[in-house]
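Listed below are the residues making up each chain.
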Amino acid sequence: MKVGCPKEIKPQEFRVGMTPNAAGEAVARGHEVIIESGAGLGAGFDNDAYVAAGARIVDTAEEVFATADMIVKVKEPQAVERKMLREGQLLFTYLHLAPDPDQTHDLLASGCTAIAYETVTDASGGLPLLAPMSEVAGRLAPQVGSWTLQKANGGRGVLMGGVPGVGPAKVVVIGGGVVGTHAAKIAAGMGADVTVLDRSLPRLRYLDDVFGAQFKNRYSTAGATAELIADADMVIGAVLIPGAAAPKLVSRAQLSTMKPGAVLVDVAIDQGGCFETSRATTHADPIYEVDGIMHYCVANMPGAVARTSTIALGNATMPFMLSLADKGWKQACQDDPHLLEGLNVHAGQLTYYAVGKALGIDVVSPNLVTKP
Ligand SMILES: NC(=O)c1ccc[n+]([C@@H]2O[C@H](COP(=O)([O-])OP(=O)(O)OC[C@H]3O[C@@H](n4cnc5c(N)ncnc54)[C@H](O)[C@@H]3O)[C@@H](O)[C@H]2O)c1
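Quick look at the structure, then. (Residues numbered from 1 in each chain as written. Predicted model: local features only at pLDDT ≥ 70, side-chain atom pairs only at ≥ 80, totals over all residues. Heavy atoms only, no water.)

### Comments concerning the sheet that holds strand E9 (residues 216-219)
Argument step 1. If you trace the 7 strands from one edge of the open sheet to the other, you get E9-E8-E7-E10-E11-E13-E12, paired in mixed fashion. The sheet is open, and its two borders are formed by E9 and strand E12 (287-290), each paired with just one other strand. The mean inter-strand angle of the sheet, taken between neighbouring strand axes irrespective of direction, is 20 degrees. (Pairing = 2+ DSSP bridges. Helix = DSSP H or I, 4+ residues; strand = E, 2+ residues; numbered from the N terminus. Axes fitted to C-alpha atoms, helices over the stretch in contact; angles between N-to-C directions.)

Rendered as structure tokens:
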């Protein structure tokens, strides 16, 4: 198979879909790997590293899209990239279609087959291609939140760990999945007083067993959220309903109940955000203020630590990428029900139920389109 990897063009996105090591593995199995010149530079991989792995470098994204049978990327294709997709071409990347009708309609119109990283599952019900980036974004959230809490950046001027004689910052994490657990771990490690809210009792039991007194947990209700945010210095939004838009858990009216200069970090912004006042921002201009409350809502947080993120993502995507290249998408999906869960679009049809529900579009069963 011809496997192509263009340079990411979303603002401030420095990750790349394939590492030289992943390219080398595909080449060793007889595939042809085509990389856009400079695609890996943001993550510290130059063209020579890909050439040494056996890949071919081309000058433009147009050449990658025109040549490749499968496009491997990081972020959802931008409008200009969507125009280059063609019928029968396979796209393997993050898509996040539920809050994005324009992208969904363009992908359907292109006739391509699109497998979304974020809806591929694993045997334990987890999301193995979302997990590494969730780990990164979760660990980054208290780091960027604590910077935003500084006075000069608009925050309350509160130090995460306090000092002897002065109490620590109060951090509330809504959603105790992968993002929330890693955020809570780092915030607690910085010395903050941390509470995690989740709707899942098994998850709360797990957090309690594993982390003990490092941080507290509460069952997530509107009442518990209202009580905790009123006393918080920082609230980290980390909820997920797989494939669907994030539920709005803090309203604009509730901002007036919070301390002036408190910080909201909405990690769930890539699914539309879990605070009513959230709107996606970029690394170039990450924070803004609403009613005295600071918001950090960068939709591609892992891009800030592109090298760590690229390697972590590549470790997770590579086995699926190789299976798709070796077998073709249909056979690979027939053989692996977890990869089949990633199928969102095929030949003008939507194949992922939660996206169809969010956007009001009819869905065809993925099992039907993969039938031999
Ligand atoms: N902004 C970024 O750069 C970035 C990077 C990675 C992940 N994300 C996003 O972060 C979010 C969380 O991802 P994750 O990997 O941690 O997901 P996850 O599935 O591991 O965890 C989500 C948790 O939210 C909980 N939840 C659902 N509804 C809830 C509610 N009403 N109240 C409290 N908890 C609730 C679930 O029980 C689950 O434990 C997703 O939207 C993901 O797309 C964003």
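### Quick word on the environment of Lys2
Argument step 1. Checked against the element boundaries, Lys2 lands in strand E1 (residues 2-5).
Argument step 2. Once the C-alpha coordinates of Lys2 and Met70 are considered, the two residues, 68 residues apart in sequence, prove to be 6.5 Å apart.
Argument step 3. Not counting residues up to four positions away in its chain, the partners in contact with Lys2 are Glu32, Ile34, Thr67, Ala68, Asp69 and Met70. (Contact = heavy atoms within 4.5 Å.)

### As for the site of the ligand
Argument step 1. The environment of the ligand is made up of 28 residues, and the closest members are Ser134, Val179, Asp198, Ser220 and Met301.
Argument step 2. Here Val267 contributes a backbone N or O atom positioned 2.9 Å from a nitrogen atom of the ligand.
Argument step 3. Considering the ligand on its own, with 870 Å² of exposed area, one finds that the protein chains cover 88% of that surface.
Argument step 4. Mapped onto the shell around the ligand, the elements with two or more residues apiece are helix H6 (131-148), helix H7 (178-189) and strand E8 (193-198).
Argument step 5. Classifying every residue of the shell around the ligand gives 16 nonpolar, 9 polar and 3 charged. (Near = heavy atom within 4 Å. Polar contact = N/O pair within 3.5 Å; in protein donor to acceptor, adjacent residues only side chain to side chain. Areas by Shrake-Rupley, 256 points an atom, 1.4 Å probe, with all protein chains shown as cover. Nonpolar A, V, L, I, M, F, W, Y, C, P; charged D, E, K, R; others polar.)

### As for helix H1 (residues 20-28)
Each α-helix turn comprises 3.6 residues. Residues three or four places apart therefore point the same way.
Argument step 1. Among all positions of H1, only Pro20, Ala22, Ala23 and Ala26 are buried. For H1, the buried positions fall inside an angular range of 160 degrees around the axis, keeping them on one side. Facing away from the buried surface of H1 by more than 90 degrees, the exposed residues are Asn21 and Ala28.
Argument step 2. If you follow the buried residues of H1, they end up packed against strand E2 (32-36), helix H2 (47-52) and helix H11 (306-327). (Buried < 20%, exposed > 50% of the residue type's maximum accessible area, 1.4 Å probe, protein only. Arc of directions from axis to C-beta.)

### Some thoughts on helix H8 (residues 201-211)
Argument step 1. Residues of H8 that are buried: Leu204, Leu207 and Phe211. Seen end-on, H8 carries its buried residues on one side only, within an arc spanning 65 degrees. Away from its buried face by more than 90 degrees, H8 exposes Pro202, Arg205 and Asp209.
Argument step 2. Those residues of H8 that are buried are in contact with H7, E8 and E9.
Argument step 3. At the N-terminal end of H8, a side-chain oxygen is found 3.0 Å from the backbone nitrogen of Arg203, two or three residues along, and the residue is Ser200.
Argument step 4. Gly212 lies just past H8 and shows a positive phi near 50 degrees.

### Observations regarding the packing of aromatic side chains
Argument step 1. For the structure on display, the rule yields 3 aromatic pairs.
Argument step 2. Taken together, a centroid distance of 4.7 Å and an interplanar angle of 90 degrees make the contact between Phe92 and Tyr117 edge-to-face. With Phe92 in strand E5 (residues 90-93) and Tyr117 in the loop between strand E6 (113-116) and H6, the pair connects residues that are 25 residues apart, well separated along the chain.
Argument step 3. The exposure class assigned to Phe92 is buried, which follows from its relative accessible area of 0%.
Argument step 4. Ring centres of Tyr94 and Tyr117 lie 4.9 Å apart, and the angle between their planes is 80 degrees; this geometry places the pair in the edge-to-face category. A residue pair is termed long-range when its members are at least 10 positions apart, and Tyr94 in the loop between E5 and helix H5 (101-110) and Tyr117 in the loop between E6 and H6 qualify at 23 residues. Neither residue differs from the other here; Tyr94 and Tyr117 are each classed as buried. (Phe/Tyr/Trp six-rings, centres within 6.5 Å; stacked < 30°, edge-to-face > 60°.)

### A few points about the pattern of salt bridges
Argument step 1. Applying the stated criterion across every chain, the model contains 15 salt bridges.
Argument step 2. Measuring nitrogen to oxygen at the nearest pair gives 3.4 Å for the salt bridge that ties Arg218 to Glu227.
Argument step 3. Judged by relative accessible area, which is 30%, Arg218 ranks as partly exposed.
Argument step 4. With a closest N to O distance of 2.8 Å, Asp291 and Arg252 form a salt bridge. Residue Asp291 is located in the loop between E12 and strand E13 (293-296), and its partner Arg252 is located in helix H10 (residues 252-255); the two are separated by 39 residues in the primary sequence.
Argument step 5. Given the relative accessible area of 43%, Asp291 is considered partly exposed.
Argument step 6. What makes Arg252 partly exposed here is its relative accessible area of 43%. (Salt bridge = Lys/Arg side-chain N within 4 Å of Asp/Glu carboxyl O.)

As far as function goes, none of this settles anything; it's purely spatial.
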